[in-house]
Amino acid sequence: MSLLNILEYPDPRLRTRATPLTEADFTPELQQQIDSMFETMYDAPGIGLAATQVDYHKQLIVIDVSENKDQPLVLINPEFTPVDASVEMMQEGCLSVPEYYADVERYVRIQVKALDRDGKPQEFETDGLLAHCIQHECDHLKGIVFVDYLSRMKQERVKKKLLKLQRQKA
Ligand code: GNR
Ligand code: NI
């Protein structure tokens, strides 16, 4: 296991569309990648991490929204459908957009279909923070970052702020 580098907005690599994993992808290396993603997410700390954020462009997400950080969830080739049209706002943050938070509208209740870390199909319905988090992570796999939903002016402001932060770190 090892900590992975998290790409930061506006890094163009965050725009990569992840490809589905195939049966041949379920190797010991994949299990290592998953463990390293959990380690990176818990260390950050965050409640979710999409493979895109660590420059690995396969449809793989790790999540743990539990209080005690003891409910790891792996979603591979995830798909979701809203249960109904209700939406709600929640304040979101993103490990690829450090020190910035904004309200984002997401479906309240979603039906989720994905494979688990062993390639076994799983299906469940969820709402609340987990539903928001899954929608946020599925966006990453499509190259979408939550700031894309904000006004152009806010996007420009975040971009400037982060580029400055990145210059200072370099
Ligand atoms: O740590 C995170 N918190 C969060 C809060 C509200 C909605 C979504 C998230 S995901 C985020 C971690 C992250 O950047 N995942 O891609
Ligand atoms: Ni994110």
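To start, this report covers the structure provided alongside it. (Residues numbered from 1 in each chain as written. Chains lettered and ligands numbered in written order. Predicted model: local features only at pLDDT ≥ 70, side-chain atom pairs only at ≥ 80, totals over all residues. Heavy atoms only, no water.)

1. With respect to the pattern of salt bridges
Move 1: For the structure shown, the criterion picks out eleven salt bridges.
Move 2: Arginine 13 is the partner of aspartate 11 in a salt bridge, and the nearest nitrogen-oxygen pair spans 2.7 Å.
Move 3: Aspartate 55 serves as the salt-bridge partner of arginine 13, at 3.5 Å between the closest nitrogen and oxygen. On the criterion of sequence distance, the pair formed by arginine 13 in the segment before α1 (28-43) and aspartate 55 in the loop between β1 (48-50) and β2 (60-63) is long-range, its members being 42 residues apart.
Move 4: Relative accessible area serves as the criterion here: at 39%, arginine 13 is assigned to the partly exposed category. (Salt bridge = Lys/Arg side-chain N within 4 Å of Asp/Glu carboxyl O. Helix = DSSP H or I, 4+ residues; strand = E, 2+ residues; numbered from the N terminus. Buried < 20%, exposed > 50% of the residue type's maximum accessible area, 1.4 Å probe, protein only.)

2. Here's the deal with the environment of aspartate 118
Move 1: Position of aspartate 118 relative to the elements: it lies in the loop between β6 (109-115) and β7 (121-127).
Move 2: When the C-alpha positions of aspartate 118 and glutamine 31 are compared, they lie 8.7 Å apart, and in sequence the two are 87 residues distant.

3. Examining unusual backbone geometry
Move 1: The omega torsion across tyrosine 9 and proline 10 is 5°, close enough to zero to call that bond cis.
Move 2: Structurally, proline 10 is set in the segment before α1.
Move 3: With an omega of -5°, the peptide bond running from alanine 44 to proline 45 counts as cis.
Move 4: If you trace the backbone, proline 45 turns up in the loop between α1 and β1.
Move 5: A positive phi angle, near 55°, is found at lysine 69, a position not held by glycine.
Move 6: Its place among the elements puts lysine 69 in the loop between β2 and β3 (73-82).
Move 7: A positive phi angle is found at asparagine 77, which is not glycine, with a value near 50°.
Move 8: As for its placement among the helices and strands, asparagine 77 is situated in strand β3.

4. A short note on the sheet that holds β6
Move 1: Here we have five strands laid out as an open sheet, ordered β1-β2-β3-β6-β7, and antiparallel in their pairing. Looking at strand neighbours, the two that pair on one side only are β1 and β7, the edges of this open sheet. Neighbouring strand axes in the sheet, compared pairwise and without regard to direction, differ in orientation by 40° on average.
Move 2: Packed on one face of the sheet, α1 meets β1, β2 and β3 and runs near 40° to β2.
Move 3: Seen against the sheet, helix α2 (residues 128-141) touches β1, β2, β3, β6 and β7 and runs at an angle of roughly 125° to β7. (Pairing = 2+ DSSP bridges. Axes fitted to C-alpha atoms, helices over the stretch in contact; angles between N-to-C directions. Contact = heavy atoms within 4.5 Å.)

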